[in-house]
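Structure at a glance
The lines below spell out each chain.
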Amino acid sequence: MTGWKFAFSRRWAGYLAIAILFAAACAGLGMWQVARREEALAEIAKVNANWDSAPIPVTEALPTLDAFTDSQKWLPVTLTGTYLAEDEMLARNRPLNGMPGFEVLTPLQLADGTVFIVDRGWLTTGSKQDAPDAVPAAPTGEVTVVARLKAGEPNLVGRSASGNQVATINLNDIAKRLDTPTYTGAYGLMASEDPAPDTRPTAVVRPPADEGPHLSYAFQWFVFGVLAFLGLGWAVREEYRNVNSEDPEEQKRAEERARRKAAKPRSDAEVEDELLGSSH
């Protein structure tokens, strides 16, 4: 089978199908990385838009207990009320800088009787028990809190907790636990409280404006997809040369390739390899 007829055989059709499938998978993974980058940029935009904005009353930001839109993430709100210290909870499995720990969730009862969950910060796991060694007490009496909004969390399969601990910050479950009208659309990461106690859990810091390596990963996947066809083309060319090795025209081209290769300057490494080979 001379000429290019071999390229239309079932074997090469299979190779082409494999290359197409591989390239399609690479394209899909590349687009997934592009989507991940868009998500990261959207998160950065929320931080830039909301983090340093002036706090507004929680009733203005969340007109109903279940109100919240994703664009409000990190938006500072003000609340005035009394902490329900006896109902304080600890959200478990909260690592920070590689350390295991908990987030302190303290319900704040507002003047109208509704409750807003305030995440007062992070505490490391204790040295002798699966809980913090000590939890800084929340201020007593009336307190004014500035907190940044964040959506509640779903329940996760396989995670459980007991006592005053919760596996996730599922606001609907917390509302049932408190048996009091509670904001279920969002909770708040505490920025400040007045009066301020002497000590408080570790505060949440501003998320870094880091979009991650998604763009470079996407480029790599797209390149891999192109390389699949380049590799297929190289394999077809090599097969053509082998199949048509007796063809006079192909023999002339092979001689020309050999001549150019011989005339090409050799690297120092190639010269050293030749000398070493001749010495044995």
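Given the structure is predicted, the values throughout are model-derived calculations rather than measurements.

Calculation rules
- Residues numbered from 1 in each chain as written.
- Predicted model: local features only at pLDDT ≥ 70, side-chain atom pairs only at ≥ 80, totals over all residues.
- Heavy atoms only, no water.
- Helix = DSSP H or I, 4+ residues; strand = E, 2+ residues; numbered from the N terminus.
- Buried < 20%, exposed > 50% of the residue type's maximum accessible area, 1.4 Å probe, protein only.
- Contact = heavy atoms within 4.5 Å.
- Areas by Shrake-Rupley, 256 points an atom, 1.4 Å probe, with all protein chains shown as cover.
- Lys, Arg positive; Asp, Glu negative; His and termini not counted.
- Charge placed at Lys NZ, Arg CZ, Asp CG, Glu CD.
- Salt bridge = Lys/Arg side-chain N within 4 Å of Asp/Glu carboxyl O.

Some points on the overall build of the protein chain
- Helices and strands together make up the secondary structure of the protein chain, namely six helices and eight strands.
- Mapped in sequence order, the helices and strands of the protein chain form the string α-β-α-β-β-β-β-β-β-α-β-α-α-α.
- In the protein chain, which comprises 280 residues, the proportion classed as buried is 33%.
- In the protein chain, of all internal contacts separated by at least 6 residues, the share reaching a separation of at least 24 is 68%.
- Summing over all exposed atoms, the protein chain offers an accessible surface of approximately 17000 Å²; the carbon and sulfur share of this is 58%.
- Counting 28 positive and 37 negative side-chain charges, the protein chain places the averaged centre of each group 11 Å from the other.

Quick look at the pattern of salt bridges
- The tally for this structure, following the rule as stated, stands at eleven salt bridges.
- Note that K46 is salt-bridged to D70, the shortest N-O span being 2.2 Å. Of this pair, K46 sits in helix α1 (residues 10-50) while D70 sits in the loop between α2 (58-61) and β2 (76-83), and the two are 24 residues apart along the sequence.
- Owing to a relative accessible area of 48%, D70 belongs among the partly exposed residues under this scheme.

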